[in-house]
Amino acid sequence: DAGVIQSPRHEVTEMGQEVTLRCKLISGHNSLFWYRQTMMRGLELLIYFNNNVPIDDSGMPEDRFSAKMPNASFSTLKIQPSEPRDSAVYFCASRRNYEQFFGPGTRLTVL
Amino acid sequence: QQQVKQSPQSLIVQKGGISIINCAYENTAFDYFPWYQQFPGKGPALLIAIRPDVSEKKEGRFTISFNKSAKQFSLHIMDSQPGDSATYFCAASKGQAGTALIFGKGTTLSVSS
């Protein structure tokens, strides 16, 4: 089985541009989590979905961030407009029952 | 009550030695305690996990020890190898599937040869 798939793996953009990160869940998993990782703040939960429904978005830093899950296997995280402080590695993870598996991450650099 | 506190922040161990990383939690509703291993440039990978109905779980060189009364759990890496050098995260979550894992801040382990 394929693991969690994220794209792009690297993204370099300029401040003010829109950024869209994509995630494909493991087949059969019903929970999706978006995390952000930085040296300063560690691994932060941004938002998570159960069965396509957003459950907790309290970790989303600002209204510039939005996440969608249009179907059971796919999710997007959008930042509009992007800022240099958004530079980080963004992970999505999918989960069924207790076990949670992370994708390889998207390294975002906002200049 | 939602925090998971992990220590030490960094650890240096000689090859062949035992690496020990500790975590403490407050929320007694937590009943799933995994450990993740992360190499540079990679996503965290599930290493081993325990439920509170047992006090210890062993998989190869990796062992979780769990102390429910103290609300603590630890990861022991026996016969540590340079390939074990990575960042380790403990985590905890409540019983219902689909609740979010609460992660510790991570421990960077370096195993010297």
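Relevant structure appears above.
About the criteria used
Residues numbered from 1 in each chain as written. Chains lettered and ligands numbered in written order. Predicted model: local features only at pLDDT ≥ 70, side-chain atom pairs only at ≥ 80, totals over all residues. Heavy atoms only, no water. Pairing = 2+ DSSP bridges. Helix = DSSP H or I, 4+ residues; strand = E, 2+ residues; numbered from the N terminus. Axes fitted to C-alpha atoms, helices over the stretch in contact; angles between N-to-C directions. Disulfide = S-S within 2.5 Å. Buried < 20%, exposed > 50% of the residue type's maximum accessible area, 1.4 Å probe, protein only. Contact = heavy atoms within 4.5 Å. Phe/Tyr/Trp six-rings, centres within 6.5 Å; stacked < 30°, edge-to-face > 60°. Lys NZ or Arg CZ within 6 Å of the ring centre and 35° of its normal. Core = buried A, V, L, I, M, F, W, Y, C linked by side-chain atoms within 4.5 Å.

Asker: Looking at this model, I keep getting lost on the sheet that holds strand β8 (residues 74-79) of chain A. Mind explaining?
Answerer: Adjacent strands of a sheet form backbone hydrogen bonds with each other and so pair up, either parallel or antiparallel. Residue and element names in this part refer to chain A. Strand order across the open sheet formed by four strands is β1-β3-β8-β7, with antiparallel pairing between neighbours. Across the chains shown, the open sheet's two edge strands, defined by having one partner strand only, are β1 (5-7) and β7 (65-71). For this sheet, the mean angle separating the axes of adjacent strands, direction not counted, is 15°.

Asker: Would you explain the state of the cysteines in this entry?
Answerer: Disulfides are covalent bonds that connect the sulfur atoms of two cysteines. Residue and element names in this part refer to chain A. Taken as a whole and assessed by the stated rule, the structure comprises two disulfides over all chains. The side chain of C23 participates in a disulfide bridge whose partner is C92; the two sulfur atoms lie 1.9 Å from each other. An S-S torsion of about 80° defines the bridge between C23 and C92 as right-handed. Of this pair, C23 sits in strand β3 (residues 19-24) while C92 sits in strand β9 (residues 88-96), placing them 69 residues apart in sequence. We note that C23, like C92, is buried.

Asker: Looking at this structure, how should I read the environment of E11(A)?
Answerer: Residue and element names in this part refer to chain A. Along the polypeptide, E11 turns up in strand β2 (residues 10-13). When the C-alpha atoms of E11 and T106 are compared, they prove to be 7.2 Å apart, with 95 residues separating the residues in sequence. Once residues within four sequence positions are removed from consideration, E11 is found in contact with V19, R107, L108 and T109.

Asker: I tried to follow the packing of aromatic side chains on my own but got confused; where do I start?
Answerer: In this description, a pair of aromatic rings is defined by centroid distance and the angle of the planes. Taken as a whole and assessed by the stated rule, the structure comprises 17 aromatic pairs over all chains. Considering the side-chain rings of F33(A) and Y35(A), the 6.4 Å spacing of their centres and the 25° angle between planes classify their relative orientation as stacked. Pair check on accessibility: F33(A) and Y35(A) agree, each one buried. Grouping aromatic residues by their ring pairs yields a cluster made of F33(A), Y35(A), Y48(A), F91(A), F102(A), Y36(B), F89(B) and F103(B). Lying over the aromatic face of Y98(A), R51(B) brings its terminal NZ or CZ to 4.3 Å of the ring centre.

Asker: Got a minute to help me understand the nonpolar core in this structure?
Answerer: Across soluble globular proteins, nonpolar side chains have a tendency to be buried as a group. Membership of the largest hydrophobic core comes to 24 residues, with the highest contact counts inside it found for F33(B), W35(B), F73(B), L75(B), Y88(B) and L109(B). Only β2 (10-14), β3 (19-25), β4 (30-38), β5 (45-50), β7 (62-67), β8 (72-77), β9 (86-94) and β11 (107-112) of chain B provide two or more residues apiece to this core. With four residues, the single largest contributor to this core is β9(B). Setting aside residues no more than four positions away along its own chain, Y88(B) makes contact with Q6(B), I21(B), Y36(B), Q37(B), L47(B), F62(B), L75(B), I77(B), G106(B), T107(B) and L109(B). L21(A), L25(A), M60(A) and A67(A) belong to the second largest nonpolar core, which has 22 residues in total.

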